[in-house]
Amino acid sequence: MSTYLLRKTDVRPLLKEASAVWDIFAPLREGVGDVNFKALPKDRLAEALENLVLDDEPTLLSPKTIFFPQNETMFAFGSGGIREQVESSPKLLFGVTSCDLSGLLFSDGFFAKDFPDRYYLSRSENRLIIVKGCLKPPRQGSCFCASAGTGPFAQRGFDLQLVDLGGEYLVEVGSGKGESFILAHSAFFASGDGRERAAEAVKRDATATLGPGVDFDKALRLMVTGDFEKNFARIGERCVYCGACLYVCPTCTCFNVVDRADGGSGSRMRTWDGCVFEGYTREASGHNPRPSKTARTARRYEHKLKYDPLVAGRSGCVGCGRCLDSCPVGIGMSKFIREVADGTEEM
Amino acid sequence: MTGDRNNNEYLPRPARITAVRRETFDVKTFSLEFVDRADAFSYKQGQFAEISVLGQGEVPISITSSPSRKGPMEFTIRAAGRVTSAMHDLGPGDALYLRGPYGNAFPFETLKGRNLYFVAGGIGLAPLRSLINMVLDSIEDFGDVKILYGAKNPEELCFRGELEEWKAIPGVEVYLTVDRASPGWTGPVGLVTALWDAAALSPENAVAILCGPPIMIKFAAAGLSGRGFGDEAIVMTLERYMKCGVGKCGHCNIGGSFVCTDGPVFDYAQVKRMPEKEGVF
């Protein structure tokens, strides 16, 4: 694997140059203080780059929103019939965490299999992902990437990965696309030869900041053989069914479909939906095969930790910790995994 | 932009209604054809399609016509929600949009030589009708065919004309029952599971194929099991709230299975492996 060096002071000029070709999405501090992956507006680039966040601050939403937005139009309809609405601009994602990369790769696999999802695949077909590994956990106490095997640095799946060496980044190349990007902007990159060992030390130190973590593999094994109905019942009573955990989750992909029409024309939209909602399984007759709080709670945890490993070969939880951080009543995956693995009562 | 429809499974194709037949006070059978013949698809017994009334939405509906017969695709639909109620206001010549077919299918080849029991409740006869007519078109390949059909009351029996035609076919027996009789009803009153004895139900070399309200399927499957039918000899088609029909929207996910793509046809052995707490029925 070839490596390069990128000075931190060159990040903004690099993104500016790259914006001639790419729509750039990066962690930006927004008006109210939240950090989120947002498109850099090309007409106000310098101003937007002022809000670029380069340290390990947590992003509120995962970058799935770029490829699977909360609301999207599937097609418009009217007197001329149906007009498909797809979007496939070239997208450069800068500063994706390793756990979020795992989430994107998981969703890629889900949307590509069987009946390929044209909307997701078209949005993501022309993308470049620059991962920036975390030096310290962005969601201290909530995230557990090392336990889940998804971070703090990525092993594969990225185009480029940045390792923070202080005043500069060591840039690891993970794909031909990543190599081409460096060649296209070669003025910003120097050889990384001789700095790889320093980068390895940074990765080791970063992993050490993560604390004791959770026994993720034990939890995954027990999810298949154990009985956690009491946990689901207790958590189900506590949950307020706001859906925040689903919306912030990098791998939650459920959606509802609705038509919006005014007279003879309108559009078919899809919007995020979630398995914990009571109406999620309610049929037109009023019959609801899964009405109970316990069953809906079980659905969420078992889907991620039991059925995803069986069906997709990997856990649907990537350990980002957003669910716990966003929950108004203190429910989250890290706590649930501790309950399963250690037999404790965390919530 | 206008994209290539062939790589976007979510885009429905324009179709039109060619005929509407009233089955009951709130059930109609619609015959549909594609506006462009190039959009036409072949389908298998037990599959479903997604029907759109643009501006109202889209619903998954089983195809009730038989792939063994030429002619229009037929869908038997109860006016239950927003889209299906809108459909009931439409008539011949009106436009709809259609995509599919989706889901697996009822077995067919493996049913040959076997005695078949079709057990249906209410509008649940619609998906079974596709297979029933397919079987009847090569009846010589099958053993006895018994159709056990129940509805809330006599007025809610669907396909009444066809039930009479089926009765007249040698080797075919039709048993009807209703939950509540109305004047003029001389048949039995009770659940479809009360027809076991009248139909001389026997598990020997037999397969039962079920569709109906969830509670009916649940008790019918358990009842057949109690009468000695093996789990693989009890086949059912499940219904579930679904949006996309192609395993993406998540609504019909039970355990690790999607009703839309892994089903809707499952045998009892598969159903028993599903997590009961998720409400299979």
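S.K.: How should I be thinking about the sheet that holds strand β10 (residues 206-211) of chain B in this particular structure?
M.R.: Remark on secondary structure: sheet strands pair via backbone hydrogen bonds, oriented parallel or antiparallel. All names here are of chain B. Here 6 strands make up an open sheet; going across it, the order is β9-β8-β7-β10-β11-β14 and the pairing mixed. Every interior strand has two partners, whereas the edge strands, β9 (172-178) and β14 (265-267), have only one. Shown here is a sheet whose adjacent strand axes are inclined to one another by a mean of 15°, direction ignored. The pairing of strand β7 (residues 115-121) with strand β8 (residues 145-151) spans 6 bridges and is parallel. Note that in β8 the partner of Y117 across the bridge is K146.

S.K.: I'm lost on the environment of B:P188 in this one. Help?
M.R.: All names here are of chain B. Following the sequence through the fold, P188 ends up in the loop between β9 and β10. The exposure class of P188 is partly exposed, given its relative accessible area of 41%. Residues P188 and Y175 lie 13 residues apart in sequence; the distance between their C-alpha atoms is 9.0 Å. Residues contacting P188, with those up to four places away along its chain left out, are L176, T177, V178 and L195.

S.K.: What's the story with the side chain of A:S19 in this structure? I'm lost.
M.R.: Residues and elements named next belong to chain A. Locating S19 in the fold gives a position in the loop between α1 (11-18) and β2 (23-29). Take S19: its relative accessible area is 11%, and that puts it in the buried class. A polar contact of 2.6 Å, which involves the side chain of S19, links it to the backbone oxygen of K16. Filtering out sequence-adjacent residues up to four positions away, S19 remains in contact with I24, K42 and L45.

S.K.: Whenever I open this one, the side chain of A:R123 confuses me. Can you help?
M.R.: Relative to the helices and strands, A:R123 resides in helix α5 (residues 118-124). Aside from chain neighbours lying at most four places away, what touches A:R123 is A:I66, A:F67, A:P69, A:E72, A:E87, A:S88, A:S89 and A:K91.

S.K.: Would you mind showing me how to read the interface of chain B and chain A here?
M.R.: Bring the parts together and some accessible area is lost; that lost area is often taken as the interface size. At the junction of the two partners, chain B supplies 44 residues and chain A supplies 41 residues. Carbon and sulfur atoms make up 55% of the surface buried where chain B meets chain A, a total of about 3,600 Å² over both sides. The three residues of chain B that bury the most area against chain A are B:Y10, B:K248 and B:K277, which together make up 21% of that side's buried surface. Taken together, the links from chain B to chain A amount to 5 salt bridges. Taken together, chain B and chain A are joined by 25 residue pairs in polar contact (both at pLDDT 80 or more). Looking at the side of chain B that touches chain A, the elements with two or more residues in it are β3 (48-53), β4 (57-62), β6 (95-102) and β12 (253-254) of chain B. Residues of the side of chain B that touches chain A, tallied by class, amount to 18 nonpolar, 17 polar and 9 charged.

The rules behind the values
- Residues numbered from 1 in each chain as written.
- Chains lettered and ligands numbered in written order.
- Predicted model: local features only at pLDDT ≥ 70, side-chain atom pairs only at ≥ 80, totals over all residues.
- Heavy atoms only, no water.
- Pairing = 2+ DSSP bridges.
- Helix = DSSP H or I, 4+ residues; strand = E, 2+ residues; numbered from the N terminus.
- Axes fitted to C-alpha atoms, helices over the stretch in contact; angles between N-to-C directions.
- Buried < 20%, exposed > 50% of the residue type's maximum accessible area, 1.4 Å probe, protein only.
- Contact = heavy atoms within 4.5 Å.
- Polar contact = N/O pair within 3.5 Å; in protein donor to acceptor, adjacent residues only side chain to side chain.
- Buried area = accessible area lost by both parts, 1.4 Å probe.
- Salt bridge = Lys/Arg side-chain N within 4 Å of Asp/Glu carboxyl O.
- Nonpolar A, V, L, I, M, F, W, Y, C, P; charged D, E, K, R; others polar.

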